[in-house]
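Results of the structural survey
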Amino acid sequence: MDAATRERFEEFYAVVRRIPRGQVATYGQVAELAGYPGRARQVGRALGLLPPGSDVPWFRILNAAGVISLPRGDGFERQRDALRAEGIDVTDEGRVRLRHIRFLPGSE
DNA sequence: GCGGTGACGGTCG
DNA sequence: CCGACCGCCACCG
């Protein structure tokens, strides 16, 4: 991984850290806010590299449909539990009401 | 270097 | 609501 990529991933993390408790954002939104529109895929890649116990709230990131994108399994359940732990309604399928809890810059 | 893969997403039908 | 297509890009075999 080159320096430019690491730098970009750090910028993604910085955006994710700004998302308030109880709110969520989409991969594409994080990429856009970081200044890299169209690179939603790399946001997922970056979040996947986070070590356990990171201060980056990776679990507040969902896909554009408002659904957890992690494949079913331990990771999927950890994210679902983390969201519920902060009062967010999440269906067993991992869907939230995006329109109601989406992070909107400026409404912080 | 090439092709496939995947924590993605907008557009169309 | 769903699937197909295409654009995106780091990583892997």
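Look above for the structure.
The rules behind these values
- Residues numbered from 1 in each chain as written.
- Chains lettered and ligands numbered in written order.
- Predicted model: local features only at pLDDT ≥ 70, side-chain atom pairs only at ≥ 80, totals over all residues.
- Heavy atoms only, no water.
- Helix = DSSP H or I, 4+ residues; strand = E, 2+ residues; numbered from the N terminus.
- Buried < 20%, exposed > 50% of the residue type's maximum accessible area, 1.4 Å probe, protein only.
- Contact = heavy atoms within 4.5 Å.
- Areas by Shrake-Rupley, 256 points an atom, 1.4 Å probe, with all protein chains shown as cover.
- Lys, Arg positive; Asp, Glu negative; His and termini not counted.
- Charge placed at Lys NZ, Arg CZ, Asp CG, Glu CD.
- Salt bridge = Lys/Arg side-chain N within 4 Å of Asp/Glu carboxyl O.

Attention shifts here to the overall build of chain A. For chain A, the count of helices and strands is five helices and two strands. Ordering the α and β elements of chain A from the N terminus gives α-β-α-α-β-α-α. Going through the 108 residues of chain A one by one, you find that 41% of them count as buried. Counting contacts in chain A only where the partners sit at least 6 residues apart, residues at least 24 apart contribute 60% of the total. Per element, the accessible surface of chain A, about 6300 Å² overall, is 48% carbon and sulfur. Of note, chain A has its 17 positive side-chain charges centred 3 Å away from the centre of its 14 negative side-chain charges.

On to the pattern of salt bridges, then. Per the counting criterion, the structure on display carries four salt bridges. Among the salt bridges present, the one from Asp55 reaches Arg17, with a minimum N-O distance of 3.0 Å. With Asp55 in the loop between helix 3 (40-48) and strand 2 (61-62) and Arg17 in helix 1 (residues 3-17), this residue pair connects regions lying 38 residues apart in the sequence. Relative accessible area serves as the criterion here: at 56%, Asp55 is assigned to the exposed category. Among the salt bridges present, the one from Glu86 reaches Arg60, with a minimum N-O distance of 2.7 Å. With a gap of 26 residues between them, Glu86 in the loop between helix 4 (74-85) and helix 5 (98-101) and Arg60 in the loop between helix 3 and strand 2 connect regions that are remote in the sequence. For Arg60, a relative accessible area of 10% gives the class buried.

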